[in-house]
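Listed below are the residues making up each chain.
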Amino acid sequence: MSKNLSLQETGELLLQAEKIVLCTHVSPDGDTLGSALGLARFLRQQGKEVTVYCDDQINAGFGFLPEIELVQRPSADVIVEADMLAVIDASSFDRIGLAATQVRYKTLLNIDHHISNTRFADYLYLDAEAAATGEVMCDLFVAMGWPLDYEMAVCFYTAITTDCGSFRYANTTPKTMRQAAMLLEYGVQSNEISDCLDMRSRSTVELLGKVLPSLTFERDGRIAYLTITNDLYDKSTNTDSFVSYPRYIEGVEIAVMFKAVEPEVTRVSMRSQSVDVAQVAVRFGGGGHLRAAGCTIYAPVEEARRQLLAELSKLI
Ligand code: 5GP
Ligand code: MN
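J.: Can you break down the nonpolar core residue by residue, with the values?
T.: Among the nonpolar cores identified, the biggest contains 51 residues, and Leu-14, Leu-22, Leu-39 and Phe-156 are the most heavily contacted of them. Counting residues in each nonpolar core, the second largest holds 24 residues, with Val-256, Val-280, Cys-295 and Leu-309 among its members.

Pasting the structure below:
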């Protein structure tokens, strides 16, 4: 069980540490990467020894993020010692991969905005109302009077715009927009960032062409899903955007993408108009937000689909 911190206490705890490992969640998105990189840059400027860990492949599209080249992948053969391990934008300890076992820390801090947070860390700053962990970072910098620069602003703007769907999702609040506006004051060009984030590789679009024919409707068209079978699955192809195809169809309340990452392991992404999909994800050992959640089901894709659709059907 974590001790809840205020922003001030979170900032002070970070400043007390000298050797800090910041770590992102696996399947890294713009929020976890931007939040960790912006905070890492500030802490390095304070003279801290900072490592950013990400135990997963990072999509090439994030290459524009300042200091992304400094992100390291934890190694099974190397244990690092640190005053603090700070877990950024991950709601459970199993979401950070090898970083959970390869860092020997004195203090475990978690900064997050997921309603499904499992309170695994010693210290937690959780704001489940924040659209993004990037929004929490802005709150932290403002509360502490920490100076931002252009590079940090790019990181935090990317974090925010990623998780609020470019200010379109229900989690977008006046504060989300005020903070984005504050970041634009540092010279961030919103068009440049959205161009980077929306850019697709040819392989992504080619795979989409093969996956769209799997579109299936259930429950009178209130559930729609896509399936990436294991023979189509390619780890290096970014499929994060695919779930938006079943999502934005008239009458669809819940959209799902099933991805057979291994013959007996299925990744699930859910999006909903109203029902709480985070609680369904948690039932399968995953998590997320009310309207966007995910989990891993250790079963072949047909079986995973059967189990998940049975749970979703109870909701609508
Ligand atoms: P996505 O479908 O984009 O992968 O994830 C949607 C949301 O659910 C994100 O906030 C993500 O962090 C969360 N999420 C996705 N998969 C998992 C999972 O396996 N475990 C947990 N705890 N959260 C997840
Ligand atoms: Mn997030």
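J.: Give me the coordination of the manganese ion (ligand 2): which residues, what numbers.
T.: Of the protein atoms, only Asp-31 (OD), Asp-89 (OD), His-113 (NE2) and Asp-163 (OD) coordinate the manganese ion (ligand 2), at distances of 2.1 to 2.3 Å. Sequence spacing of the donors to the manganese ion (ligand 2): D-x57-D-x23-H-x49-D. One end of the pair, Asp-31, is in helix 2 (residues 30-45); the other, Asp-89, is in the loop between strand 5 (80-88) and helix 3 (99-102), with 58 residues separating them in the sequence.

J.: Can you lay out the domain arrangement of the protein for me, pointing to particular residues and giving the numbers?
T.: Entries for the protein in the domain assignment read domain 1 (3-198) and domain 2 (202-315). Each partner contributes residues to the interface: domain 1 has 13 residues there, and domain 2 has 15 residues. Summed over both partners, the interface of domain 1 with domain 2 buries about 940 Å², with 43% contributed by carbon and sulfur atoms. Among the residues of domain 1 in contact with domain 2, Gln-57, Asn-59 and Ser-116 are the three that bury the most area, contributing 37% of the side total. Counting across the domain 1 and domain 2 interface gives one salt bridge. Our count for the contact surface shared by domain 1 and domain 2 stands at four residue pairs in polar contact (both at pLDDT 80 or more). Its residues assigned to classes, the side of domain 1 that touches domain 2 comprises three nonpolar, five polar and five charged.

J.: Give a description of the packing of helix 5 (residues 150-163) against helix 6 (residues 174-184) that names residues and reports values.
T.: Packed helices, taken two at a time, are described by the angle their axes make and the gap between the axes. Between helix 5 and helix 6, the shortest axis-to-axis distance is 9 Å and the interhelical angle comes to 155°. Between helix 5 and helix 6, the angle is such that the two are roughly antiparallel. Helix 6 is crossed by helix 5, and the crossing has left-handed handedness. Where helix 5 abuts helix 6, its residues Ala-153, Phe-156, Tyr-157 and Ile-160 lie against Thr-176, Gln-179, Ala-180, Leu-183 and Leu-184. Across the contact of helix 5 with helix 6, the residue classes tally to seven nonpolar, two polar and no charged.

J.: Pulling in residues and values, what's your account of the sheet that holds strand 9 (residues 223-228)?
T.: Working definition: the strands of a sheet are paired by backbone hydrogen bonds and lie parallel or antiparallel to each other. Read from one edge of the open sheet, six strands run 8-9-10-11-13-12, paired in mixed fashion. Edge positions in the sheet fall to strand 8 (216-218) and strand 12 (287-288), since each has one partner strand and no second. With six bridges joining them, strand 11 (residues 265-272) and strand 13 (residues 292-297) adopt antiparallel strand pairing. When the bridges of strand 13 are listed, Met-270 appears paired with Ala-293. Most of the contacts of helix 11 (residues 301-315) go to strand 10 (residues 254-262), to which it runs at about 155°, and overall it touches strand 8, strand 9, strand 10, strand 11 and strand 13.

J.: Break down the pattern of salt bridges for me, citing the residues and quoting the values.
T.: What the rule picks out here adds up to 17 salt bridges. One salt bridge connects Glu-18 with Lys-48, and the closest N-O pair in it is separated by 3.4 Å. Residue Glu-18 is located in the loop between helix 1 (7-16) and strand 2 (19-23), and its partner Lys-48 is located in the loop between helix 2 and strand 3 (49-53); the two are separated by 30 residues in the primary sequence. Classification of Glu-18 by relative accessible area gives partly exposed; the value is 44%. What makes Lys-48 buried here is its relative accessible area of 9%. Note that Glu-253 and Arg-222 form a salt bridge whose closest N and O atoms lie 2.9 Å from each other. With Glu-253 in the loop between helix 9 (244-247) and strand 10 and Arg-222 in the loop between strand 8 and strand 9, this pair connects stretches of sequence that are 31 residues apart.

The rules behind each value
- Here the residue index of a chain counts from 1 through its sequence in written order.
- A letter from A marks each chain and a number from 1 marks each ligand, given out in the order of writing.
- Where totals are concerned, whole chains, interfaces and linings use all residues; where local detail is concerned, this predicted model gives features only for residues with pLDDT of at least 70, and gives and counts side-chain atom pairs only at 80 or more.
- Side-chain descriptors were evaluated using all non-hydrogen atoms of the structure, hydrogens and water having been removed beforehand.
- Throughout, nonpolar core names a set of buried Ala, Val, Leu, Ile, Met, Phe, Trp, Tyr and Cys residues whose side chains join them through atoms within 4.5 Å.
- Under the scheme applied here, a residue whose accessible area is under 20% of the maximum for its type counts as buried, over 50% as exposed, and between as partly exposed, the area being computed with a 1.4 Å probe on protein chains only.
- Think of the donor list as every N, O and S atom within 2.8 Å of the metal, or within 3.2 Å for Na, K and Ca; water never makes the list, so a site can look incomplete.
- Here a strand is any run of E in DSSP of at least two residues, a helix any run of H or I of at least four, and the numbering for each starts at the N terminus.
- Each domain's extent was defined by an automatic or database domain assignment.
- We call two residues contacting when some pair of their heavy atoms lies within 4.5 Å.
- The term buried area means the drop in 1.4 Å probe accessible area that two parts suffer when joined, counted for both and summed.
- Salt bridges, as used here, are contacts in which a Lys or Arg side-chain nitrogen is within 4 Å of a carboxyl oxygen on Asp or Glu.
- Residues adjacent in sequence count toward polar contacts only when both atoms are side-chain atoms; beyond that, a polar contact is any pair of N or O atoms within 3.5 Å, and within protein one must be able to donate a hydrogen and the other to accept it.
- Polarity classes work like this: nonpolar for Ala, Val, Leu, Ile, Met, Phe, Trp, Tyr, Cys and Pro, charged for Asp, Glu, Lys and Arg, and polar for all others, with Gly in that last group.
- To get an axis, a line is fitted to the C-alpha atoms, and for a helix only the part in contact is used. The angle between two axes follows their N-to-C directions and goes from 0 to 180 degrees.
- Orientation is classified from the angle alone, with under 35 degrees giving roughly parallel, over 145 giving roughly antiparallel, 65 to 115 giving roughly perpendicular, and any other angle giving oblique.
- The hand of a helix crossing depends on one turn: near helix anticlockwise from the far one by less than a right angle means left-handed, and clockwise means right-handed.
- The pairing criterion is simple: DSSP has to find at least two bridges between the two strands.

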